[in-house]
Amino acid sequence: MVKIIMDESAIRRALTRLSHEVIERNKGTEDLVLVGIKTRGIYLAKRIAEKIEAIEASAVAVGEVDITLYRDDLEEKTNDGQPQLKGSDIPVDVRDKKVILVDDVLYTGRTVRAAIDAIMDKGRPASIQLAVLIDRGHRELPIRPDFVGKNVPTSKGEIVAVKLTESDTLDEVSIRDKE
């Protein structure tokens, strides 16, 4: 059974709220860099950047990070055991910047830990904050989001699926049982 927990307008409202919270917490946009975790995190980071620019009339740099080489379960990622690199692209130096790491779903925290490692390899930011569309719980690492679109209590036997028009032709968040 699939249950829709966010539709297009709910996602839009959540991202608008997240954008305002990012601006407020950081007292504007100075030294702010949004970094999306591939794949859907980058789409969300771009949307947040657009909203921030509309609110503040100030562009925010947006980058993307590929965490493939930083995963602690790397051998599970490909059939031949080789990592499939998608590439990271952060257009500005992150040193002394306020980095907002953006992802679609926060679950165990392992993806976020890998993304933090990848960012730290690029330089030492002033801070790293975490923005997620969905926080589903079940953390295995001591990682807490700074900005949350929606908290969704789940069981480990459920899957939270985020679909975005950039990759899936519609905006929707659903929850279903594992098969």
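Residues numbered from 1 in each chain as written. Predicted model: local features only at pLDDT ≥ 70, side-chain atom pairs only at ≥ 80, totals over all residues. Heavy atoms only, no water.

The protein carries the name Bifunctional protein PyrR in an unreviewed UniProt entry, which gives Pullulanibacillus pueri as its organism. Quoted straight from UniProt, the Subunit (unreviewed entry) entry for the protein says "Homodimer and homohexamer; in equilibrium." Taken directly from UniProt, the Sequence similarities (unreviewed entry) text for the protein runs: "Belongs to the purine/pyrimidine phosphoribosyltransferase family. PyrR subfamily." (UniProt positions renumbered as here; feature names shortened; annotations may be inferred.)

(A) Molecular detail of helix α1 (residues 8-25). In this model, α1 (18 residues) spans 26 Å end to end at C-alpha, consistent with the 26 Å of a helix rising 1.5 Å per residue. Among all positions in α1, only Ala 10, Ile 11, Ala 14, Leu 15, Leu 18, Ser 19, Val 22 and Ile 23 are buried. Positive phi shows up at Lys 27, right after α1, with a value of about 55 degrees. (Helix = DSSP H or I, 4+ residues; strand = E, 2+ residues; numbered from the N terminus. Expected span 1.5 Å × (residues − 1). Buried < 20%, exposed > 50% of the residue type's maximum accessible area, 1.4 Å probe, protein only.)

(B) View of the environment of Arg 40. Turning to its location among the elements, Arg 40 is positioned in helix α2 (residues 40-56). Put simply, Arg 40 and Thr 165 are 125 residues apart on the chain and 10.0 Å apart in space, counted from C-alpha to C-alpha. Residues within four places of Arg 40 in sequence aside, it is in contact with Asp 104, Val 162, Lys 163, Leu 164, Ser 167 and Asp 168. (Contact = heavy atoms within 4.5 Å.)

(C) Geometry of the pattern of salt bridges. Counted according to the given criterion, the structure contains 11 salt bridges. Ionic pairing is found between Asp 117 and Arg 113, a salt bridge with its closest N-O pair at 2.5 Å. Of the two residues, Asp 117 and Arg 113 are both situated in helix α3 (residues 110-120); the distance of four residues between them amounts to about one turn of the helix. A relative accessible area of 24% places Arg 113 in the partly exposed class. Overlapping salt bridges bring together Arg 47, Glu 166 and Asp 171 as one network. (Salt bridge = Lys/Arg side-chain N within 4 Å of Asp/Glu carboxyl O.)

(D) Layout of the nonpolar core. Within the largest apolar cluster, 32 residues are counted, with the highest numbers of intra-cluster contacts made by Leu 34, Leu 133, Ile 134 and Val 173. Counting residues per element, the ones that place at least two in this core are β1 (2-6), α1, β2 (32-37), α2, β4 (98-106), β5 (127-135), β7 (158-163) and β8 (172-177). The next biggest cluster of nonpolar side chains, apart from the first, holds 19 residues, and it includes Val 35, Ile 37, Leu 106 and Ile 143. (Core = buried A, V, L, I, M, F, W, Y, C linked by side-chain atoms within 4.5 Å.)

(E) Local environment of unusual backbone geometry. With an omega of 10 degrees, the peptide bond running from Lys 38 to Thr 39 counts as cis. Looking at the element boundaries, Thr 39 is found in the loop between β2 and α2. For Asp 96, which is not glycine, the phi torsion reads 65 degrees and is therefore positive. Judged by its relative accessible area of 59%, Asp 96 falls in the exposed class.

(F) Region of the structure containing the sheet that holds β8. If you trace the three strands from one edge of the open sheet to the other, you get β1-β8-β7, paired in antiparallel fashion. The sheet is open, and its two edges are formed by β1 and β7, each paired on a single side. For this sheet the average axis-to-axis angle between neighbouring strands, irrespective of direction, equals 25 degrees. In terms of strand pairing, β1 meets β8 through four bridges, oriented antiparallel. Counted as the bridge partner of Met 6 is Val 173 from β8. In the packing of α1 onto the sheet, contacts are made with β1, β7 and β8, and the angle to β1 comes to roughly 40 degrees. (Pairing = 2+ DSSP bridges. Axes fitted to C-alpha atoms, helices over the stretch in contact; angles between N-to-C directions.)

(G) Local environment of the packing of aromatic side chains. Going through the model one piece at a time under the given rule, you end up with zero aromatic pairs. Note that Arg 136 overlies the ring of Tyr 107, its terminal NZ or CZ placed 4.0 Å from the centroid. (Phe/Tyr/Trp six-rings, centres within 6.5 Å; stacked < 30°, edge-to-face > 60°. Lys NZ or Arg CZ within 6 Å of the ring centre and 35° of its normal.)

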